[in-house]
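Residue-level structure breakdown
The lines below spell out each chain.
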Amino acid sequence: MAAHLSYGRVNLNILREAARKELREFLDKCAGSKAIVWDEYLTGPFGLIAQYSLLKEHEVEKMFTLKSGKLPSADVKNIIFFVRPRLELMDIIAENVFSEDKMHSSRDFHILFVPRRSMLCEQRLKEQGVLASFVNIDEYILDLIPYDGDLLSMEYESAFRECYLENDQTSLYHTAKGLMTLQALYGTIPQIYGKGDCARHVANMMLRMKREFAGSQNQILPVFDTLLLLDRNIDLLTPLATQLTYEGLIDEIYGITNGYVKLPPEKFAQKKQGEASKDLPTESKKLQLNSAEELYAEIRDKNFNAVGAALSKKAKIISAAFEERHNAKTVGEIKQFVSQLPHMQAARSSLANHTSIAELIKDITTSEAFFENLTVEQEFMTGVDTDKVNTYIEDCIAQKDPLIKILRLMCMQSVCNNGLKQKVFEYYKREILQTYGYEHILTLNNLEKASLLKLQTSSRNNYPTIRKTLKLWMEDANEQNPNDISYVYSGYAPLSVRLTQVLARPGWRSIEEVLKLLPGPHFEERQQLPAGLHKKRQQGENRTTLVFFLGGVSYAEIAALRFLSQMEDSGMEYIIATTKLLNGTTWIKSLMDRPESQIS
């Protein structure tokens, strides 16, 4: 199941196995039959660590979603609540426990906080009068979850909001703890670089924790050479732009959640000849997306304009492989063909799925609305008319297009112009409140606080300087056979990834002036390695850097980093970690107040 986690330069299966071992140990603490009551948000991330089969082996007989009221009936000895440390969830748990107590059942209750125990939550349970009902109160430290062979995420959806709106650094503490767990399994990371205030906080916490644990470290040869910590707010532009890689577009249009995507079913219906198509399936088609699927690993990071050619090439290879059966004459040859059949059939089914997905996406990317939106984005990125009211944004508001689409464009204009002129800012604000409702003043306020939308305070706009110095816009980006990371946005090179590229060669000293224009400090720290654990590098051996995005990362940025890893002369391989996998829509949504009321 998780073999693809061990294909890469760093075997991330070690991390998954460590998490599974802890889970088994906790389940074994609760002797007898069990029912798990899940905080719904945790089911996706847990699914990447352990399937139901593992839980079943440890006497888990029933699973329920945490809901207020009475628990469903289950003939089990133990009821275990798997929850995030949220106060509102404690009230629901109290209701559940009370309803069970009334029935005089002799059950044992347990609570497992993910990723940390919380005194406040325990206090709330005490106030509700149910704390004494719990036999075990424990924590399950699930910080970094392996999503793919080179990708780790904490799936901490409110991390950016907490850091920049609420001044709450809980997510940074979890990040530092997660990095300590990583170092316990993969060795101390000798070099740490960072840019931004949050990066500085995380590095300080890590160094403090290392001093506290001095002497108790595992003697492991370091797997990572460098850790690069990047604040999301040093590059606010990249996630706002529409991603143009295959995986990025799947996420933009349908949303990828915990490695799965739900797609409209009609393209996937198996129609037999002569059959009426009235019985089309109505349930969404759910597909898992990761590098375990050969074809997906090949096309996921390509610019969408290069996907069609890759699929038709694959189709020719597969049909040629099936034609081979006519050439199989001897028993040995037939046997060999039959042994390859399952793999070939899986490849054919994979091709059919991705051809259908590509058709769905193409219907959208070839539409006039998509093209107009993209044109405006690219004008902003290249500095065209960023200082006046944009007529396309005006039209979108007049047509009452989805609010998030408009906010993404407004924020983009603001970021590329170092803030909007007072007249422009007030005009947009008025138009939005009058069209979509005055309750959105809270959302606009949040976007201001996070610096995504702001008033221009000085006449100097640093963005053109940053764009030119770091070559963030490349004319004629080659989408078919890329030679630069800018292919992921068809011309725009993500600032975050360009900084990563420059750090590797020639180093940040060459861009000191630009770094000063970006928010927060930049720094370098070294961690002492115990004697005998210094790596002896083989000639031509690549270095390994862990790039950690604090506040979230988009699939297009991940694709750009994979591209750098694959460049022959880069000498560097990248593993990506983040607090959350995001796109512009989910990101803006996380900063909205009452987002559910305005998605239409």
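See the structure above.
Position numbers for residues start from 1 in each chain and track the written sequence from start to end. Predicted model: local features are reported for residues with pLDDT of at least 70 only, side-chain atom pairs are reported and counted for 80 or more only, and whole-chain, interface and lining totals are derived from all residues. As a rule here, side-chain values cover all heavy atoms of the structure and leave hydrogens and water aside.

**Topic: helix α15 (residues 391-398)**
For the exposure calls, accessible area comes from a 1.4 Å probe over protein chains only, and a residue counts as buried if that area is under 20% of its type's maximum, exposed if over 50%, partly exposed in between. Each helix is a run of H or I in the DSSP string that is no shorter than four residues. Each strand is a run of E no shorter than two, and both are numbered from the N terminus. Of all the positions in α15, only Y392, I393, C396 and I397 are classed as buried. An end-on view of α15 places all buried positions within 140° of arc, on one side of the element. In α15, the exposed positions angled more than 90 degrees off the buried face are occupied by T391 and A398. Count one or two residues on from α15 and you reach K400, which has phi positive near 55°. In this description, the arc belongs to the directions extending from the helix axis to the C-beta atoms.

**Digging into the pattern of salt bridges**
Note on pairing: side chains with opposite charge can pair once their charged atoms come close. The salt bridge definition used is simple: a Lys or Arg side-chain nitrogen within 4 Å of an Asp or Glu carboxyl oxygen. All told, the structure shown has 34 salt bridges when counted by the stated rule. Across the pair R208 and E212 runs a salt bridge, and its minimum N-O distance is 3.6 Å. A residue pair is termed a helical-turn pair when its members lie 3 or 4 positions apart in one helix, as R208 and E212 do in helix α8 (residues 197-212) at four residues. A cluster of three or more residues bridged by salt bridges with shared partners is formed by D148, D150, E247, R300, D301 and R562.

**Structural notes on the side chain of N258**
Tracing the backbone through its elements, the reader meets N258 in the loop between β10 (256-257) and β11 (260-263). Any pair of nitrogen or oxygen atoms within 3.5 Å is treated as a polar contact; in protein, a donor-acceptor pairing is required on top of that, and neighbouring residues in sequence qualify only through side-chain atoms on both sides. Polar contacts involving the side chain of N258 include one to the side chain of Y147, which spans 2.7 Å. Apart from residues no more than four positions distant in its own chain, N258 is found in contact with G44, P45, L48, Y147 and E155. The contact criterion used throughout is that any non-hydrogen atoms of two residues lie within 4.5 Å.

**With respect to the sheet that holds strand β15 (residues 572-578)**
With mixed pairing, the seven strands of this open sheet are ordered in space as β6-β7-β15-β14-β9-β8-β13. What marks the edges here is a single partner per strand, and that holds for β6 (145-148) and β13 (522-526). When the angles between neighbouring strand axes are averaged without regard to direction, this sheet yields 20°. A pair of strands is labelled paired if DSSP reports no fewer than 2 bridges between them. Of the pairings in the sheet, the one linking strand β7 (residues 151-153) to β15 comprises three bridges and is parallel in character. Angular values range over 0 to 180 degrees, each being the angle between N-to-C directions of two axes fitted as lines to C-alpha atoms, with helices fitted over their stretch in contact.

**Observations concerning the side chain of S490**
Residue position: S490 is located in the loop between α19 (463-469) and α20 (495-504). For S490, a relative accessible area of 18% puts it in the buried group. Polar side-chain contacts of S490 include one of 2.9 Å to the side chain of N303. Those residues in contact with S490 that sit more than four places away from it in its chain are L244, N303, Q378, W473, A477 and E479.

**So, a negative patch on the surface**
Residues enter a patch when their relative accessible area is above 30% and they make no salt bridge; the linking distance is 9 Å between like charges and 5 Å between nonpolar side chains (Val, Leu, Ile, Met, Phe, Trp, Tyr). Computed with the Shrake-Rupley method and a 1.4 Å probe, the accessible areas treat only the protein chains shown as cover for residues. When charges are tallied, Lys and Arg are placed among the positive residues and Asp and Glu among the negative ones, while His and the ends of the chain are skipped. In this description, the location of a charge corresponds to atom NZ of lysine, CZ of arginine, CG of aspartate or CD of glutamate. Taken together, the side chains of D28, E59, E61 and D75 define an acidic patch exposed on the protein surface. Mapped onto the elements of the fold, E59 is located in the loop between α3 (52-57) and β2 (60-65).

**A few points about the layout of surface pockets**
Each pocket or cavity is described by its volume, and for the largest pocket that value is around 1,400 Å³. Throughout, the protein atoms alone are placed on a 1 Å grid, and a set of points is a cavity if a 1.4 Å probe fits but cannot get out or a pocket if it is open with protein on both sides within 12 Å along at least five of seven lines; lining residues have an atom within 4 Å of a point. If you trace the largest pocket, you find 50 residues lining it, with D251, N583, T585, T586 and K589 closest to the centre. Mapped onto the lining of the largest pocket, the elements with two or more residues apiece are α2 (40-49), α6 (159-164), α10 (246-253), β10, α14 (368-381), α16 (403-416) and α23 (584-590). Each residue belonging to the lining of the largest pocket can be placed in one class, and the counts come to 23 nonpolar, 15 polar and 12 charged. Grid points are joined across faces, edges and corners, and a volume is the space filled by probe spheres set on the points. Residue polarity follows a fixed list, in which Ala, Val, Leu, Ile, Met, Phe, Trp, Tyr, Cys and Pro are nonpolar, Asp, Glu, Lys and Arg are charged, and the others, Gly among them, are polar.

**Remarks on α14**
Helical geometry note: an α-helix holds 3.6 residues per turn, so side chains three or four residues apart project in the same direction. One less than the number of residues in a helix, times 1.5 Å, gives the span that helix is expected to have. Under the 1.5 Å per step criterion, the end-to-end length of α14 is 20 Å for 14 residues, consistent within 8% with the ideal 20 Å. Burial in α14 covers these residues: F370, N373, L374, V376, E377, F380 and M381. When α14 is viewed along its axis, its buried side chains cluster within an angular range of 160° and face the same direction. Turned more than 90 degrees away from the buried face of α14 sit E368 and F371, all of them exposed.

**Some words on the sheet that holds strand β12 (residues 285-288)**
Spatially, the three strands line up as an open sheet ordered β10-β11-β12, and their pairing is antiparallel. Each edge of the open sheet is held by one strand with a lone partner, namely β10 and β12. Pairing of β10 with β11 involves two bridges; the strand directions are antiparallel. Of the residues in β11, the one forming a bridge with T257 is Y260.

**As for the packing of α10 against helix α13 (residues 331-365)**
Look at α10 against α13: their axes get within 11 Å of each other, and the N-to-C directions meet at 65°. Judged by the inter-axis angle, α10 sits roughly perpendicular to α13. Here α10 and α13 pass one another in a crossing that is left-handed. Note on element contacts: α13 touches α10 through H354, I357, A358, I361, I364 and T365, opposite Y246, L249, I250 and I253. Roughly parallel covers angles under 35 degrees, roughly antiparallel covers those over 145, roughly perpendicular covers 65 to 115, and oblique covers all other angles. Helix crossings get a hand from a simple test, with the near helix turned counterclockwise from the far one by less than a right angle marking a left-handed crossing and a clockwise turn marking a right-handed one.

**Concerning the packing of aromatic side chains**
Ring pairs are drawn from Phe, Tyr and Trp, using the six-membered ring of Trp, whenever the two centres fall within 6.5 Å, and their geometry is named by plane angle: stacked under 30 degrees, edge-to-face over 60, tilted for the rest. All told, the structure shown has 17 aromatic pairs when counted by the stated rule. Aromatic pair F26 and F82: ring centres 6.5 Å apart, planes at 75°, arrangement edge-to-face. Pair noted here: F26 is in helix α1 (residues 13-29) and F82 is in strand β3 (residues 78-83), with a separation of 56 residues, a long-range link. Consider the rings of F46 and F82, whose centres lie 5.5 Å apart with planes at 65°: the pair is edge-to-face. Here the residue F46 occupies a position in helix α2, and F82 occupies one in strand β3, the gap between them amounting to 36 residues. Both residues of the pair, F46 and F82, count as buried. Two thresholds decide whether a charge sits over a ring: the Lys NZ or Arg CZ must be within 6 Å of the ring centre and within 35 degrees of the ring normal. Taking NZ or CZ as reference, R200 lies 4.1 Å from the ring centre of F523, over its face. Its guanidinium or amino end placed over the ring of Y260, K286 lies 4.7 Å from that ring's centre, counting from NZ or CZ.

In short, geometric facts, not functional conclusions.
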